[in-house]
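Given next are the chains, with one letter for each unit.
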Amino acid sequence: MRKTPLALAVATLAFTSALATADEPKRGGVIDTIIQPEPPGLVLGMVQNDPTRKVAGNIYEGLLSYSTDLEPRPQLAESWDVSDDGLVYTFHLRDDVRWHDGEAFTAEDVVFSADIFHRELNPSARAVLQHVESIEATDDHTVVFTLAEPFGPFLLSFEAGTFTMVPKHIYEGTEFRDNEANNHPIGTGPFKFDDWERGTVIQLVRNDDYYEEGLPYLDGVNWHVIPDGASRAVAYENGTVDVLPNGTVENFDIPRLTEMDNTCVTEEGHEYFSPFAMLWMNNREGPTADKRFRQAVMYAMDREFARDVLWNGLGQVPLSAFGSNAKFRHDGLEPYDHDPDRARELLDEMGYDGEEVRLLPLPYGETWTRWAEAVQQNLREVGINVRTQSTDVGGWNQRLGDWDYDMAFTYLYQYGDPALGITRSYRSDNIEKGSPWNNVEGYENERIDELFDQAATAYPEEEREAFYREAQEILHEDVPVGWLLELGFPTIYRCDVKDLVTSGVGVNDGFRNAWLDR
Amino acid sequence: MLYVRLIAMRLLKAVVVLFLIVIFNFVLIQLAPGDPAAILAGEAGATDEEFLRQLRERFGLDQPLYVQLWHYLSGIATLDFGWSYRQGMPVLDLILARLPATLLLTGTAFVLSLALGIVLGSMAAARVKKPSGSLIMALALIFYATPLFWVALMAVVLFSVYLGWLPAYGMYTVGAGHTGFALVLDVAKHLVLPATTLALFFMAIYTRMTRASMLEASQQDYVKTARAKGLSPRVIQRRHILRNALLPIITLAGLQAGQMVGGAILTETVFAWPGIGRLMFEALQQRDYNLLLGIFFFSAALVIVFNIITDLVYRLADPRIKEAS
């Protein structure tokens, strides 16, 4: 496993001893980890929030999984064929898979999950399903998806969190959300749901009938619920938990924790999501409606400083709208380096009169508050009159949903392909009041709409590149939003926990391959 | 007989008060910015109009406010506190599941603070001009002035991280599978830090109050009389001074008891204690209206109950207080 520079700084003794004993996985043991905040439910597909994905990704599976390079790999589907015109996708399913209650997993489950369950409940699946004309089971272990038009990122949509496979025999004909079985989720994954003491712990145990020989190695996983950030750090320090998934401790605790003996850090396992922090800027009114103002903001911000000081050097400063993991990234663009003079020039040119601009931090913890302060200071240096406002999550949601803001922090997942995770922030038909996650900034550009449309449906893959290149050039010039940082979400763990992150969604199906070298 | 009538009257009033509290809370919560459906959707990180519509319809959020209020009130009349949007469970189940943990924590803290406060306060009163008395008062002042969360964190650093004597969080050891006496012991160990943290502040108040009130009582004529009779100082201290000094402490204890559910948010959060306070804080953040209203209802009911109990205890402590009050 590749380690970040931070992890390399860890005591060499622990590191070398870990190297010496690697290789042969050992069986047994229970890993204690943390889930923060406590998820609302564990039926993936019914709830899509991050804590649910983290826990339930060990219980449920999708047809495919993805490598850290985002190449599709078999999971419940053993193999797949794509027709020459890019319209027909045929999945061949494994024939030895059983649900946790012992029933066999078949093609009927796939059709039910995709065509009925997710069409009704799951907005992210719905976005993909609008390209799908029909889903058919041709025999017990073959499923055929027929698309209405080619859709480039289609193969990237079968991850467990988006197209979760749910058991037909339990949900068919019931009111899905009221189903009794929701309290005892049943999937096909390496771990089975055991118990959930609300407010204390969620316990998973190994699935002895798992189809992959020998997996999982662990006897179980305990997800502790600890609401206070400092207490979560203590839980790691005093040895109660062995793994701290991303977001469980405040950033300023990370250097201290990683200096502990037998402690490793990795940024891997987020390739599929590639969380991208952005600064929404209101394109509709006020100074932020002027392109030159938004460019000035880009030049004014010292993004390297924010990464190094606030995020402990983790993450990458983005070039423009496409993150470094995104397909078709255009590397030829001129970066917006920290250049206060250039920012001042642009502000002069547009005749900025010092009108006050409101800045809304993301209410997700200390780091975000401090980040907003740093940006505020950067902007003041070039003469922008910024006032920060504070809200809680509810207020933040409402402000953004109502477009009642000038600048606001956020972060969004990229989902590997521009058509899945990036387009949504810039297309004009995605402007809709009431949601803080669509085209909140109100950017309207016909050419961009056209380009994104063409790029999504062009086939084969190579045809898409030219459209995305032009789109990136336009976005880079227009700066509809500020591109802050591709966040590096660190997973901190004891070095004797092995093979913790082995896929592009690693943190979400984290314990499938994990084992304890103790 | 008198007591029965008294209690009946008070309970009748309580129902009216609770009814008004429910309506007041309902309106108040609606004034907070933030739409529960948007928050739920936001948590999911993905949304479309359909999703928001489904959520609103499912939770009746698309209906006019008065209809929602009517539904809520008629639900409460049958002890149906509604459904928690976020947790996907009946509110009553959630509250009943968390109530024992909170009562254990705050109950322990209550007893601890009251007992220690009275003992320390009496000691300080008896040692008015001695260094030991001043030391007690200094400590009381420190605990009174120090923020609760800081005390909690320092206690964790010292006893849990540094010394390793006590568990830092949770209510029992997860995965240990203790039963019977071992479980009781395990829970007791987990209880020490949060209960002490929660107790310190009120202990400080009781200490100061007991001392002040005992010093005042010791100047009264009946104490002089007792001394003149030749009773031992210890008996005077306990029977004549302390008993008469207790009334203000009972008032305060009644208040503390009433706050037991709501006041533990910080402690429960820092120590990951699975109680009501945390549930309330989370419900507030999620704009989980039904759950929040349910917890408000229970807290209000608890305050009312403890007010009644306090009144009764008053009567026991000082028979001169009559029904007229």
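Residues numbered from 1 in each chain as written. Chains lettered and ligands numbered in written order. Predicted model: local features only at pLDDT ≥ 70, side-chain atom pairs only at ≥ 80, totals over all residues. Heavy atoms only, no water.

An unreviewed UniProt entry lists chain B under the name ABC transporter permease, with Billgrantia sulfidoxydans given as the organism. Quoted verbatim from the Sequence similarities (unreviewed entry) field of the UniProt record, the comment on chain B reads "Belongs to the binding-protein-dependent transport system permease family." (UniProt positions renumbered as here; feature names shortened; annotations may be inferred.)

As annotated in an unreviewed UniProt entry, chain A carries the name ABC transporter substrate-binding protein and is attributed to Billgrantia sulfidoxydans. Per its UniProt entry, chain A bears the Sequence similarities (unreviewed entry) comment "Belongs to the bacterial solute-binding protein 5 family."

S.K.: Help me understand the side chain of E271 of chain A in this model?
M.R.: Residues and elements named next belong to chain A. Considering the arrangement of structural elements, one finds E271 in the loop between β12 (263-266) and β13 (276-281). Given a relative accessible area of 12%, E271 falls into the buried group. Setting aside anything within four residues of it in sequence, one finds E271 in contact with T68, L70, N325, S503 and G504. (Helix = DSSP H or I, 4+ residues; strand = E, 2+ residues; numbered from the N terminus. Buried < 20%, exposed > 50% of the residue type's maximum accessible area, 1.4 Å probe, protein only. Contact = heavy atoms within 4.5 Å.)

S.K.: I would appreciate a short explanation of the sheet that holds strand β16 (residues 407-412) of chain A in the present structure.
M.R.: By way of backbone hydrogen bonds, the strands of a sheet pair with one another, either parallel or antiparallel. Residues and elements named next belong to chain A. Here we have 5 strands laid out as an open sheet, ordered β15-β14-β16-β13-β17, and mixed in their pairing. Looking at the sheet topology across the chains shown, the edges are occupied by β15 (386-388) and β17 (481-486). Strand-to-strand twist of the sheet, defined as the mean angle between neighbouring strand axes without regard to direction, takes the value 30 degrees. By the bridge criterion, 6 bridges tie β13 to β16 in an arrangement that is antiparallel. Across the sheet, residue A277 finds its bridge partner in β16, namely Y411. Running over the sheet, helix α12 (residues 366-381) touches β13, β14 (357-360), β15, β16 and β17 and is turned about 135 degrees from β16. (Pairing = 2+ DSSP bridges. Axes fitted to C-alpha atoms, helices over the stretch in contact; angles between N-to-C directions.)

S.K.: Sorry if this is basic, but what is going on with the confidence of the model for chain A here?
M.R.: When pLDDT is low, close inspection of the predicted coordinates is not appropriate. Residues and elements named next belong to chain A. Per-residue confidence for chain A gives a mean pLDDT of 88, with 96% of residues at or over 70. By mean pLDDT, helix α2 (residues 12-20) is the weakest element of chain A at 40, and helix α9 (residues 291-300) is the strongest at 95. Across residues 1-21, where pLDDT falls below 50, the model places 28 contacts with residues more than four positions away in sequence or in other chains. (pLDDT = per-residue confidence, 0-100.)

S.K.: What is the right way to look at the sheet that holds strand β7 (residues 142-147) of chain A in this model?
M.R.: Residues and elements named next belong to chain A. Sheet architecture is open: 4 strands sit in the order β4-β5-β7-β6, paired in antiparallel fashion. The open sheet has two edge strands with one neighbour each: β4 (77-82) and β6 (132-139). Going across the sheet, the axis of each strand differs from the next one's by a mean of 20 degrees, ignoring polarity. As paired strands, strand β5 (residues 88-93) and β7 are joined by 5 bridges and run antiparallel to one another.

S.K.: Is there a simple way to explain helix α12 (residues 276-286) of chain B in this structure?
M.R.: Residue and element names in this part refer to chain B. Counting buried residues in α12 gives 8 out of 11 residues, a clear majority hidden from the surface. Of all the positions in α12, only I276, G277, R278, L279, M280, E282, A283 and Q286 are classed as buried. At the exit of α12 stands R287, carrying a positive phi of roughly 55 degrees.

S.K.: Explanation requested: the domain arrangement of chain B in the structure shown.
M.R.: Buried accessible area, meaning the area lost when the parts come together, often serves as the stated size of an interface. Residue and element names in this part refer to chain B. Per the domain assignment, the segments making up chain B are domain 1 (19-77) and domain 2 (97-324). A separation of 36 Å is found between the C-alpha centroids of domain 1 and domain 2. Taken together, the contacts link 14 residues of domain 1 with 11 residues of domain 2. Interface area for domain 1 against domain 2, summed over the two sides, is near 1200 Å², with a carbon-plus-sulfur share of 69%. Per-residue buried area on domain 1 facing domain 2 is highest for I29, I39 and Y72; these three make up 41% of the total on that side. At the surface where domain 1 touches domain 2, the tally comes to 0 residue pairs in polar contact (both at pLDDT 80 or more). For the side of domain 1 that touches domain 2, the elements supplying multiple residues, two or more each, are α1 (2-31), α2 (36-44) and α4 (65-77). For the side of domain 1 that touches domain 2, the element with the highest residue contribution is α1, accounting for 6 residues. Residue classes in the side of domain 1 that touches domain 2 are distributed as 10 nonpolar, 3 polar and 1 charged. (Domains from an automatic or database assignment. Buried area = accessible area lost by both parts, 1.4 Å probe. Polar contact = N/O pair within 3.5 Å; in protein donor to acceptor, adjacent residues only side chain to side chain. Nonpolar A, V, L, I, M, F, W, Y, C, P; charged D, E, K, R; others polar.)

S.K.: I'm lost on the pairing of β13 of chain A in this one. Help?
M.R.: Successive side chains on a regular strand alternate, one facing one side of the sheet and the next facing the other. Taken across its 6 residues, β13 of chain A has 6 buried, putting it largely inside the fold. Of the two faces of β13 of chain A, the one holding F276, M278 and W280 of chain A and the one holding A277, L279 and M281 of chain A are both buried throughout.

S.K.: I'm lost on the UniProt feature "transmembrane region" (unreviewed entry) in chain B in this one. Help?
M.R.: All names here are of chain B. UniProt feature "transmembrane region" (unreviewed entry): in the numbering of this structure it lies at residues 12-32, 99-123, 135-163, 183-206, 246-271 and 291-314. In residues 12-32, helix accounts for 95% and strand for 0%; the two terminal C-alpha atoms are 31 Å from one another. Along residues 135-163 the backbone is 90% helical and 0% strand, and the end-to-end C-alpha distance reaches 26 Å.

S.K.: Would you mind going over the UniProt feature "domain: Solute-binding protein family" (unreviewed entry) in chain A with me for this structure?
M.R.: Under the local residue numbering, the UniProt record ascribes the feature "domain: Solute-binding protein family" (unreviewed entry) to residues 71-426 of chain A. Taken end to end, residues 71-426 of chain A has its terminal C-alpha atoms 26 Å apart, with 28% of it in helix and 20% in strand.

S.K.: Even after reading the chapter, I still don't get the packing of helix α8 (residues 180-217) of chain B against helix α10 (residues 233-258) of chain B, so can you show me in this structure?
M.R.: Packed helices, taken two at a time, are described by the angle between their axes plus the distance between the axes. All names here are of chain B. Interhelical geometry of α8 versus α10 gives an angle of 140 degrees and a closest axis separation of 9 Å. By the angle between their directions, the pair α8 and α10 is classed as oblique. Where α8 crosses over α10, the two elements pack in a sense that is right-handed. Of α10, the residues touching α8 (which contributes F202, I205, Y206, M209, T210, S213, M214 and A217) are Q237, I241, L242, A245, P248, I249, L252, A253 and Q256. Looking at the contact of α8 with α10 residue by residue, the classes come out as 13 nonpolar, 4 polar and no charged. (Parallel < 35°, antiparallel > 145°, perpendicular 65-115°, else oblique. Left-handed = near helix turned anticlockwise from the far one by under 90°.)

S.K.: Got a minute to help me understand the interface of chain A and chain B in this structure?
M.R.: Facing the 44 residues of chain A at the interface are 41 residues of chain B. Carbon and sulfur atoms make up 53% of the area that chain A and chain B hide from each other, which totals about 3500 Å². Linking chain A with chain B are 2 salt bridges. Here E38 of chain A ties to R98 of chain B by a salt bridge, and the two come within 3.8 Å at their closest N and O atoms. Our count for the contact surface shared by chain A and chain B stands at 8 residue pairs in polar contact (both at pLDDT 80 or more). Elements that contribute at least two residues to the side of chain A that touches chain B include exactly α4 (107-121), α5 (123-129), β9 (201-206), β10 (220-224), α7 (229-237) and α13 (393-401) of chain A. Split into classes, the residues belonging to the side of chain A that touches chain B amount to 14 nonpolar, 17 polar and 13 charged. (Salt bridge = Lys/Arg side-chain N within 4 Å of Asp/Glu carboxyl O.)

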